[in-house]
Amino acid sequence: RLAIAAELNFQKRGGATSYTYETDYKVKYDIQTLYVSLRIPFYWYLTKPSRLAPYLLLGPDAGYAFSGDISLSQPGLAISESNVSINNSNYNPYYLGVIAGVGARYNIDFKGFILVTKLDVVLNWGLLDTFSHSEHEGTSTPTNVNAYQHQGERYSRGVEVSLSLGFIRKHDMSACRGF
């Protein structure tokens, strides 16, 4: 059974890396961002409708980073610690990507309502570079470009786990059976 649903999500995304610079310096680089995103995944349910329904999902994901931090630790170098908030000069706030994964939906009866719980594990494949336009134009120096590709590209990619909760009145459930 195939279904489609639009979802508005608030997500925390991030990534960290560490490496040795010039054989002596241990460098740690971390980005944590808060996004609002709109996903429109296709769901392929693997069983007939029941209380527990496992599924596969695939679809586009578009979002905007509204808050976050970039931190850098490199003991022994001239700038040993740096922590900056993301802004238009050091981070591209727009996000566009594709998600693919697995999940399960479980419905719980609750006093005239149905509590819909979903657990998803998806691979998020970001398509837009998260370095800002000013970093690419050279008017702002990227924070720790060495932590990423030498061409100066940084993508939001990785595995995401999400738990979703929703209440639907039993009276309205027939309109939502496909989701």
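Right, let's walk through the structure included here.

**Re the overall build of the protein chain**
- When helices and strands are tallied, the protein chain shows one helix and nine strands.
- In the protein chain, which comprises 179 residues, the share counted as buried stands at 36%.
- Carbon and sulfur atoms make up 61% of the accessible area of the protein chain, which totals about 10600 Å².

**Re the side chain of D129**
- In this fold, D129 is placed in strand β8 (residues 113-129).
- This buried residue, D129, is left without a salt bridge; R154 holds the nearest opposite charge, at 5.4 Å.
- From its side chain, D129 meets the backbone nitrogen of F131 in a polar contact 3.0 Å long.
- A polar atom in the side chain of D129 sits 2.9 Å from the backbone nitrogen of R154.

**What to know about the pattern of salt bridges**
- Within the structure shown, the criterion is met by six salt bridges.
- As a salt-bridge pair, R13 and E160 come within 2.6 Å of each other at their nearest N and O atoms. Placement of the pair is R13 in strand β2 (residues 7-21) and E160 in strand β9 (residues 155-169), with a sequence separation of 147 residues.
- Given a relative accessible area of 4%, R13 falls into the buried group.
- Here R51 makes a salt bridge to D109, at a shortest N to O gap of 3.6 Å. Residue R51 is found in the loop between β4 (42-45) and β5 (52-73), and its partner D109 is found in strand β7 (residues 94-110); the two are separated by 58 residues along the sequence.
- Exposure remark for R51: the relative accessible area of 43% places this residue in the partly exposed category.
- On the accessibility criterion, D109 (44% relative accessible area) is partly exposed.
- Through salt bridges that share partners, R13, R39, D61 and E160 make up one connected network.

**Quick look at the pairing of β4**
- Of the two faces of β4, the one holding Y43 and Y45 is buried and the one holding F42 and W44 is not buried anywhere.
- Pairing of strand β1 (residues 2-4) with β4 involves three bridges; the strand directions are antiparallel. The partner of A3 across the bridge, within β4, is Y43.
- When β4 meets β5, the two strands line up antiparallel, connected through four bridges. Looking across to β5, one finds that W44 is bridged to L56.
- Here β4 folds back onto β5, and the loop between the two strands holds six residues.

Basis of the calculations
Residues numbered from 1 in each chain as written. Predicted model: local features only at pLDDT ≥ 70, side-chain atom pairs only at ≥ 80, totals over all residues. Heavy atoms only, no water. Helix = DSSP H or I, 4+ residues; strand = E, 2+ residues; numbered from the N terminus. Buried < 20%, exposed > 50% of the residue type's maximum accessible area, 1.4 Å probe, protein only. Areas by Shrake-Rupley, 256 points an atom, 1.4 Å probe, with all protein chains shown as cover. Lys, Arg positive; Asp, Glu negative; His and termini not counted. Salt bridge = Lys/Arg side-chain N within 4 Å of Asp/Glu carboxyl O. Polar contact = N/O pair within 3.5 Å; in protein donor to acceptor, adjacent residues only side chain to side chain. Pairing = 2+ DSSP bridges.

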